[in-house]
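Single-letter residue listing:
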Amino acid sequence: MIDFVYGTLQDKGIDYVVIDVHGLGYKVFIPARLIADLPAEGKDIKLHSHYVVKEDLAELYGFLSKMDRDIFRHLITVSGVGAKLGIKILTGLACQEIIQAIINKDIDSLTKVNGLG
């Protein structure tokens, strides 16, 4: 398990970053809403991570807080919610909004996320 990635932010995409860790570039998928909260390219960054390995791919997902990562890990245990949809949910809703929607059984808030029906 890769618990976190710490290194130099090399590149920002719409839903990913590339972090240089001693000359090895890690592409880490992140919730798009986090892009604005990231440091500038060339600065150090630490992301709490979740590593997904399937027979045909290996992907790394990153989060600025452990809480975001923990919510993501809970989301992907739900039938039909994979890592990509989990990231979309965390892009559309903040952790507290997700928690409140679940506690209040607020289906309308959850289904506002593109791809979640």
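Structure's up top.
What comes next is a walk through the structure.

What counts, and at which threshold
- Throughout, a residue's number is its position along its own chain's written sequence, starting from 1.
- Where totals are concerned, whole chains, interfaces and linings use all residues; where local detail is concerned, this predicted model gives features only for residues with pLDDT of at least 70, and gives and counts side-chain atom pairs only at 80 or more.
- The side-chain numbers reported here are obtained from all heavy atoms of the structure, hydrogens and water having been left aside.
- Think of it in three bands: with a 1.4 Å probe and only protein chains considered, a residue is buried below 20% of the maximum accessible area for its type, exposed above 50%, and partly exposed in between.
- In this description a helix means any DSSP run of H or I spanning at least four residues, a strand means any run of E spanning at least two, and both kinds are numbered starting from the N terminus.
- DSSP calls a pair of strands paired once it identifies at least 2 bridges connecting them.
- Salt bridge criterion: a side-chain nitrogen from Lys or Arg within 4 Å of a carboxyl oxygen from Asp or Glu.
- Here the aromatic set is Phe, Tyr and Trp, taking the six-membered ring for Trp, and pairing holds for ring centres within 6.5 Å; pairs whose planes are under 30 degrees apart are stacked, those over 60 apart are edge-to-face, and all others are tilted.

### Side note on the pairing of strand β5 (residues 57-63)
Within β5, five of the seven residues are buried, which leaves the element mostly enclosed by the surrounding structure. Taken together, the two bridges between strand β3 (residues 24-29) and β5 define a ladder with parallel strand orientation. Across the sheet, Phe29 pairs through a bridge with Tyr61, a residue of β5. Bridge analysis of strand β4 (residues 44-54) against β5 gives seven bridges, and the strand direction is antiparallel. Note that in β5 the partner of Lys54 across the bridge is Leu57. Connecting β4 to the next strand, β5, in antiparallel fashion are two residues.

### Thoughts on the pattern of salt bridges
Counted under the stated rule, the structure contains three salt bridges. Arg69 is the partner of Asp3 in a salt bridge, and the nearest nitrogen-oxygen pair spans 3.0 Å. Taken together, the positions of Asp3 in the segment before β1 (4-12) and Arg69 in helix α1 (residues 66-75) put the pair 66 residues apart, joining distant regions of the chain. Here Arg33 and Asp68 are joined by a salt bridge, their closest N and O atoms 3.6 Å apart. Placement of Arg33 in the loop between β3 and β4 and of Asp68 in helix α1 is noted, with a sequence separation of 35 residues between them.

### With respect to the packing of aromatic side chains
This structure, assessed with the given rule, holds three aromatic pairs. Relative to Tyr61, the ring of Phe29 has its centre 5.8 Å away and its plane inclined at 35°; by these criteria the two rings are tilted. Taken together, the positions of Phe29 in strand β3 and Tyr61 in strand β5 put the pair 32 residues apart, joining distant regions of the chain. A residue is classified by how much of its surface remains accessible, and Phe29, at 14% relative accessible area, is buried. In this structure an aromatic cluster arises from ring pairing among Phe29, Tyr61, Phe63 and Phe72.

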